[in-house]
Amino acid sequence: MDDKEQDRLLFDAWMKGDSQAFEVIYKKYRKRLMGFLMKMTRDRALSEDIMQETFFAAIRNANQFDRNRSLLSWFFGIAHKKAIDHFRHVKVEYEHQKEAERSIGSKIETPDDEAVNKHLREIVNEALETLDPLQREVFLLRELGGVAFKDIAQIMGCPLNTALGRMRLALRNIRKELEKRGIHGV
Amino acid sequence: MECNTWNEKGLLFLAQELDGEESRQFQTHLVSCEFCKKETELYRKEKELYFRTEMFEEEPSSAVDREILRVCSKPVRPTRIFATIPAMVKNTLYSLIVLAIGFSGGAYFVGMKLASDAKKNEKNAIVVDKNSVHPSSQTSSMAAHQEKADSSLKGDSAAHKPEVIKGRGDMSQQGVVPVDLQDDK
């Protein structure tokens, strides 16, 4: 049974009232969603708020889940929409207010940092920070959320070729940034 | 030099989003295209080394975990049928209902007005029928009125005297009697 199928069974069990099923789903994807939101907002408190809103919206609109898509892709779609909605509301004011907190927020370390190569992680995340926001969104939706390109296009409201173009540019720019930081080619 | 096939299909191939035939075509293309081969290799290695999910993951706080698990672990209530109707359809429906109420209200008042007018006309018609005046006497009364008007224009002082209205107007003098007064007789 593949991951997608397993998620669908868990989702069905959740809908039937099995609270354990939701716990399994949540524990499986919580870090990925939090990571995605942190990269989008660069603010831990805000990311946590949006994370809650994402799951609350998911439970409210469970009947709208397209069973042909993956569950994670659906969660990422909701999280992306919530984050974009937030920025549409606060716009420039938010940018000014949180400017000082950004550098702190992006450097928050988690216990898991020890498990991965901390230095490399920092470099990759710094490279990611330099990307254009739209390129970063496509990159994260694809690499962290495993969202299909056609779904990314739908989530971001752009043609498939635009989504592919943004991803190509994101990869190219990340490579450049990694090289600047001493990681040359692979 | 960049390859258009990579731009169009490279990333879709790596994401396993090409259908069987397209995927086979791209694999064949990979054998002959150095650019696509290099890009494919590079992306696969980058993904393995740098784009692992744990590179980007973050730990949410335990308070958030608790809250989400508390709210979302409750059994999901079955969605009401009405809630499944998309918002646009819902809004259209509401607008139509408001319009329908408006129109029916308007039609009701117009109907009421027409009905009362019709009733009035009907009553008047009955009264005129019952007390129909002979054409010759009607002509003579009209002539009398004309005479009165002429004399007032000439400055006849008698004609300036205000007419005393007795009863319910002077129509009774011409043979038109209101229904209720007629009933009293």
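None of the values given here were measured: they were computed from a predicted structure.

1. Quick word on unusual backbone geometry
Phase 1 of the analysis: The backbone phi angle of Arg42 of chain A is positive, close to 60 degrees, even though this residue is not glycine.
Phase 2 of the analysis: Among the structural elements, Arg42 of chain A can be located in the loop between α2 (19-41) and α3 (44-60).
Phase 3 of the analysis: On the accessibility criterion, Arg42 of chain A (17% relative accessible area) is buried.
Phase 4 of the analysis: Positive phi, close to 55 degrees, is recorded for Gln16 of chain B, a residue that is not glycine.
Phase 5 of the analysis: Residue position: Gln16 of chain B is located in the loop between α1 (4-14) and α2 (20-32).
Phase 6 of the analysis: The exposure class of Gln16 of chain B is exposed, given its relative accessible area of 74%.

2. Let's talk about the side chain of Lys39 of chain A
Phase 1 of the analysis: In this fold, Lys39 of chain A is placed in helix α2.
Phase 2 of the analysis: Taking the relative accessible area as the measure of exposure, Lys39 of chain A reaches 5% and is therefore buried.
Phase 3 of the analysis: Among the polar contacts made by the side chain of Lys39 of chain A, one reaches the side chain of Asn125 of chain A at a distance of 3.4 Å.
Phase 4 of the analysis: Not counting chain neighbours up to four residues away, the residues in contact with Lys39 of chain A comprise Asn125, Leu128, Arg136 and Leu140 of chain A together with Phe56 and Glu58 of chain B.

3. Comments concerning the interface of chain B and chain A
Phase 1 of the analysis: Contact with chain B, which involves 39 residues of that partner, is made by 50 residues of chain A.
Phase 2 of the analysis: Interface area lost by chain B to chain A is led by Tyr50, Phe56 and Glu58 of chain B, which between them contribute 17%.
Phase 3 of the analysis: Linking Glu46 of chain B and Arg175 of chain A is a salt bridge whose minimum nitrogen-to-oxygen distance equals 2.6 Å.
Phase 4 of the analysis: If you list the elements that add at least two residues to the side of chain B that touches chain A, you get α1, α3 (34-49), α4 (53-56) and α5 (62-72) of chain B.
Phase 5 of the analysis: In the side of chain B that touches chain A, the residues fall into 19 nonpolar, six polar and 14 charged.

4. A closer look at the side chain of Arg142 of chain A
Phase 1 of the analysis: Within the secondary structure, Arg142 of chain A sits in helix α6 (residues 133-143).
Phase 2 of the analysis: The residues touching Arg142 of chain A, leaving out its near neighbours within four places in the chain, are Val147, Ala148, Phe149, Ile152 and Met167 of chain A together with Ala15 and Glu17 of chain B.

5. Observations concerning the pattern of salt bridges
It is possible for side chains of opposite charge to pair when their charged atoms get near one another.
Phase 1 of the analysis: Tallied over the full model, the rule gives 27 salt bridges over all chains.
Phase 2 of the analysis: Residue Lys28 of chain A pairs with Asp3 of chain A through a salt bridge whose shortest N-O separation is 3.1 Å. A residue pair is termed long-range when its members are at least 10 positions apart, and Lys28 of chain A in helix α2 and Asp3 of chain A in helix α1 (residues 3-15) qualify at 25 residues.
Phase 3 of the analysis: One salt bridge connects Glu39 of chain B with Arg175 of chain A, and the closest N-O pair in it is separated by 3.3 Å. Linking Glu39 of chain B in helix α3 with Arg175 of chain A in helix α8 (residues 160-180), this pair reaches from one chain into another. Both residues of the pair, Glu39 of chain B and Arg175 of chain A, belong to the buried class.

6. Observations concerning the packing of aromatic side chains
Residues and elements named next belong to chain A.
Phase 1 of the analysis: Taken as a whole, this structure holds 15 aromatic pairs over all chains when the rule is applied.
Phase 2 of the analysis: Measuring from centroid to centroid gives 5.0 Å for Tyr26 and Phe55, while their planes differ by 75 degrees, and the two rings are edge-to-face. Pair noted here: Tyr26 is in helix α2 and Phe55 is in helix α3, with a separation of 29 residues, a long-range link. As far as burial versus exposure is concerned, Tyr26 and Phe55 are alike and both buried.
Phase 3 of the analysis: Ring geometry for Phe65 versus Trp74: centroids 5.0 Å apart, planes at 45 degrees, classification tilted.
Phase 4 of the analysis: Taken together, the ring pairs connect Phe11, Trp14, Phe22, Tyr26, Phe55, Phe65, Trp74 and Phe75 into an aromatic cluster.
Phase 5 of the analysis: Lying across the ring of Phe149, Arg142 places its NZ or CZ 5.6 Å from the centre.

How each quantity is defined
Residues numbered from 1 in each chain as written. Chains lettered and ligands numbered in written order. Predicted model: local features only at pLDDT ≥ 70, side-chain atom pairs only at ≥ 80, totals over all residues. Heavy atoms only, no water. Helix = DSSP H or I, 4+ residues; strand = E, 2+ residues; numbered from the N terminus. Buried < 20%, exposed > 50% of the residue type's maximum accessible area, 1.4 Å probe, protein only. Polar contact = N/O pair within 3.5 Å; in protein donor to acceptor, adjacent residues only side chain to side chain. Contact = heavy atoms within 4.5 Å. Buried area = accessible area lost by both parts, 1.4 Å probe. Salt bridge = Lys/Arg side-chain N within 4 Å of Asp/Glu carboxyl O. Nonpolar A, V, L, I, M, F, W, Y, C, P; charged D, E, K, R; others polar. Phe/Tyr/Trp six-rings, centres within 6.5 Å; stacked < 30°, edge-to-face > 60°. Lys NZ or Arg CZ within 6 Å of the ring centre and 35° of its normal.

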